[in-house]
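# Structure assessment
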Amino acid sequence: MKIAYFLDVPVKIGGAGNLLIQQAGLMAELYDVIVVIPTDENGNPNPEYKKRCIRLHLAYAGLQFYTFYNFMNIDYMAVMNSVPCIEEFARKENITFFHSVQLNPAVEYVSRKLKIPHLMNIYQLQKSEFKLCPGDVYAQYHMCDSKMYSELWRQEAGVSSKCVRPIAIREEIKRKAVYPTDKLRFLMLGDICERKNQLTAIQAVEQCLATKDLELHLAGYLDSDYARECMVYVESHKLEAKVVFHDFVEDITPLLEKCDCLLCTSTDESFPSSMVEAVSYDMTIISTPVAGVPELFIDGYNSFVSDNFTVESIRDCILKCVRHYADGEIVNIHENAQKTWQENFAKKTVRHQIDLYYSEVRSDKHFKGLDIFHDVEKEVKNTERMLGSVKSEGEEWIYTRSLYFTLLRERFRGGKIYIWGAGKLGKLMAEILQKIVGDVEIMAFIDTYREGLCCGIPIIKPNETPMNKKFIYCIGYLHNNVEAVHYLEERGLKLNEQIWKSC
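So, here's what we can say about the structure. (Residues numbered from 1 in each chain as written. Predicted model: local features only at pLDDT ≥ 70, side-chain atom pairs only at ≥ 80, totals over all residues. Heavy atoms only, no water.)

### Topic: the overall build of the chain
This is how it is decided: We count a stretch as a helix when DSSP gives it H or I for four or more residues in a row; a strand needs E for two or more, and each element gets its number in order from the N terminus. The globule rule used for comparison is 2.2 Å times the number of residues to the exponent 0.38, while the radius of gyration itself is calculated over C-alpha atoms. For each residue, the accessible area found with a 1.4 Å probe, counting protein chains only, is set against the maximum for its type, and the residue is called buried under 20%, exposed over 50%, and partly exposed in between.
Helix and strand counts for the chain stand at 18 helices and 19 strands. Taken over C-alpha atoms, the radius of gyration comes to 24 Å for the chain, in line with the 23 Å a tight globule of 503 residues would show. Counting only C-alpha atoms and orienting by the principal axes, one finds that the chain spans roughly 70 × 60 × 40 Å. The buried share of the chain, taken over its 503 residues, is 57%.

In structure tokens:
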């Protein structure tokens, strides 16, 4: 069997793509393996993924293709345009099995055409996302690292799914020589972003400093507004000596060896692979109860898990860990964590689980047809023709979201719509809906700051907006639109039922 592992992005590196490379390296001990790395507009494969392939002695190739982390963002025409090069590659390399990460409809198309089994890895999606499934254009076999999301995919997408945990980066745990009782060093891994919730972690550590000498090290990309917000907070609160930003770190081994505890304060994860890396280096796990974490990590047994996601709860969790270090009880926590590691993350354990699932996928000789792909393509092209008359003013996202707008056409037809946001994007959304739906009535624009008329339509305040499940509420702006979603959800409306994020 020759397996092609399709990665996810042409720049940077994420946990999902990194885990697939680790799975490729693991299964290369049993099968012929090649890793397919997305290329940028100049044809250059993602350099970080390339380095990891070289380090693991994995064969790799660069191709231009597109993956998506949710259904809303699928650029369908880009997907279809990448099919020929994937098909040519599969034929040339005599590929007999596909394993991809994130939504990759182009690989699924080639899978069906050439009768090559296809298994996809994709992780956290909210239940409401599945209301946007663009027909049956995704793989029918799915693998992820938490039981919670594995079950969600089974229920909502009707696919076969299996939970396989992340792979340990070592053959055995590298034990610490001693567990310190004075100063403790905490480590956070991953992009500095809202869902990783690092600002809350910084504030929790800050509240602990009066009790214990702590250091917090953060390793992750620093190019976001949220990262700048975190750095400004550290500077303004004079925490530079206690909170250290490392930016992206290619080799995190020195940090894993140096630090004592891994701190995870995420609000949205499937199962953080950083925890497996941390236990591999005998670090203490401190985490929020996010997604699949409580499936394996139990507060006071093999880790410290907060009650919720607040600063106060995370602070109390850290202080509980500190007390265990002080009284020596931390030894028992680590012994139990090592048992958890052996039973769930050890390479031999994970390799066996993946191989069994590969056998199950290969045994299914039924492949779904291609008609659904062509039917969707026809509808998307029709939508793009309608979008061609919209004065987009450089907002190219309206074309990459043409599948999303295709899905909205029937859902919005004959509807009464409120557009939240009377700025440039709100006006653009109104024009898009009028062009592609036609039979739609825009009742008002919702805006906290603007008044009067927009496009000849009244502007109203959020508190003046009627809340009715028969109406449609379309959020027409990008920055902080999650706040508008929360406002509407608190009033009994549901995302992707009455609430739609247009951009």
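### Considering the pattern of salt bridges
Just so we agree on the cut-off: Salt bridge, as used here: a side-chain nitrogen of Lys or Arg that lies within 4 Å of a carboxyl oxygen of Asp or Glu.
As enumerated under the stated definition, the model contains 33 salt bridges in all. Here R195 makes a salt bridge to E269, at a shortest N to O gap of 3.7 Å. Of the two residues, R195 sits in the loop between β8 (184-189) and α6 (198-208) while E269 sits in the loop between β11 (261-264) and α9 (273-280), which places them 74 residues apart along the sequence. On the basis of relative accessible area, E269 is assigned to the buried category, the value being 7%. Bridged by salt links that share partners, the residues E48, K51, R52, R55 and E250 form one connected network.

### Description of the state of the cysteines
Note the following rule: Count a disulfide wherever a pair of cysteine sulfur atoms falls within 2.5 Å.
In this structure the tally under the stated criterion is 0 disulfides. The cysteine C144 is free of any disulfide, with C163 supplying the nearest cysteine sulfur at 5.9 Å. Among the residues examined, C144 registers a relative accessible area of 1% and is labelled buried. The structure places no disulfide on C208, whose sulfur is separated from the nearest cysteine sulfur, that of C317, by 9.8 Å.

### Focus on the packing of aromatic side chains
Under the convention used in this document: Classification of ring pairs uses Phe, Tyr and Trp, with its six-membered ring standing for Trp, and accepts pairs whose centres are within 6.5 Å; under 30 degrees between planes counts as stacked, over 60 as edge-to-face, and the remaining range as tilted.
Taken as a whole and judged by the stated rule, the model has 22 aromatic pairs. Between the aromatic rings of Y404 and F405, the centroid separation amounts to 5.9 Å while the plane-to-plane angle is 50°, which identifies the pairing as tilted. Just as Y404 is buried, F405 falls in that class too. Every member of this aromatic cluster is reached through a ring pair, and the members are F6, F65, F89 and F98.

### Concerning the packing of helix α14 (residues 371-387) against helix α17 (residues 424-436)
Selection criterion: Note on geometry: axes are lines fitted to C-alpha atoms, helical ones only across the stretch in contact, with angles between N-to-C directions running from 0 to 180 degrees. When describing relative orientation, an angle under 35 degrees is termed roughly parallel and one over 145 degrees roughly antiparallel, while 65 to 115 degrees is termed roughly perpendicular and anything else oblique. What makes a crossing left-handed is the near helix being turned counterclockwise from the far one by less than a right angle; a clockwise turn instead makes it right-handed. The contact definition used throughout considers only heavy atoms, calling two residues in contact when any of these lie within 4.5 Å. For this classification, the nonpolar set comprises Ala, Val, Leu, Ile, Met, Phe, Trp, Tyr, Cys and Pro, the charged set comprises Asp, Glu, Lys and Arg, and every other residue, Gly included, is treated as polar.
In the contact formed by α14 and α17, the axes pass within 9 Å of each other and the chain directions differ by 125°. Between α14 and α17, the angle falls in the class oblique. Classified by chirality, the crossing of α17 by α14 is right-handed. Contacts between α14 and α17 involve T383, M386 and L387 on the former and, on the latter, I432, K435 and I436. Residue composition of the contact of α14 with α17, grouped by class: 4 nonpolar, 1 polar and 1 charged.

### Brief notes about the sheet that holds strand β18 (residues 472-475)
The condition that has to hold: Any two strands with at least two DSSP bridges between them are considered paired.
Across the sheet, 6 strands lie side by side as β16-β17-β15-β14-β18-β19; this open sheet has mixed pairing. Of all strands in the sheet, those with a lone pairing partner are β16 (453-454) and β19 (499-501), marking the two edges. Along the sheet face, helix α16 (residues 402-412) touches β14 (416-420), β18 and β19 and points at about 155° away from the line of β19.

### Regarding α6
Of all 11 residues making up α6, 8 are buried, and the element is well covered by its neighbours. Those residues of α6 not exposed but buried are Q198, L199, T200, A201, I202, A204, V205 and C208. Elements that come into contact with the buried residues of α6 comprise β8, β9 (214-219), α7 (225-236), β10 (243-247), β11 and α11 (311-327).

### Some details on the nonpolar core
So the rule is basically this: Buried Ala, Val, Leu, Ile, Met, Phe, Trp, Tyr and Cys residues form a nonpolar core when they are joined through side-chain atoms within 4.5 Å.
Formed by 108 residues in total, the largest nonpolar core has its most connected members in F6, F71, Y76, W153 and F405. Of all the elements, helix α3 (residues 76-93) adds the most residues to this core, at 8 residues. If near-sequence neighbours (up to four positions away) are discounted, Y76 is found in contact with V137, I372, F373, V376, E377, V380 and L403. Core analysis: the second largest hydrophobic core is formed by 35 residues, V205, A227, I286 and F304 among them.

### Comments concerning the pairing of β14
Note on strand geometry: in a regular strand, side chains alternate between the two faces of the sheet. Test applied: Here, the term right-handed applies to a crossover whose path from the first strand over the helix to the second runs clockwise when the strands point away from the viewer.
The buried fraction of β14 amounts to 4 of the 5 residues, a majority that puts the element mostly inside the structure. Note: β14 against strand β15 (residues 441-446), 5 bridges, orientation parallel. Paired with I417 across the bridge in β15 is I442. Handedness of the crossover joining β14 and β15 through α17: right-handed. Summarising the sheet, β14 and β18 pair through 4 bridges and their orientation is parallel. Bridging from a neighbouring strand, W420 pairs with I475 of β18.

### A look at the pairing of β11
Of the two faces of β11, the one holding C261 and L263 and the one holding L262 and C264 are both buried throughout. Both β8 and β11 contribute to a ladder of 2 bridges, which runs parallel. Residue pairing across strands places L187 opposite L262, the latter belonging to β11. As defined by bridge partners, β11 adjoins strand β12 (residues 284-287) across 4 bridges and the pair is classed as parallel. In the strand pairing of β12, C261 is matched with T284. A crossover links β11 with its parallel partner β12, the connecting element being α9, and its sense is right-handed.

### Structural notes on unusual backbone geometry
Phi is positive for Q102, which is not a glycine, with a value near 70°. Mapped onto the fold, Q102 is located in the loop between β4 (97-101) and α4 (105-114). Exposure remark for Q102: the relative accessible area of 14% places this residue in the buried category. Of note, D282 is a non-glycine position whose phi angle comes to about 60°, a positive value. Considering the arrangement of structural elements, one finds D282 in the loop between α9 and β12. Given the relative accessible area of 3%, D282 is considered buried.

### With respect to the side chain of D447
The condition that has to hold: Distance and chemistry together define a polar contact, namely a pair of N or O atoms within 3.5 Å, with one atom able to donate a hydrogen and the other to accept it when in protein, and with adjacent residues in sequence counting only for side-chain atoms on both sides.
Along the chain, D447 falls in the loop between β15 and β16. Judged by relative accessible area, which is 6%, D447 ranks as buried. For D447, the side chain forms a polar contact with the main-chain nitrogen of A422, separated by 2.9 Å. Residue contacts for D447: discarding those within four places in its chain leaves G421, A422, G423, I459, I460, K461 and P462.

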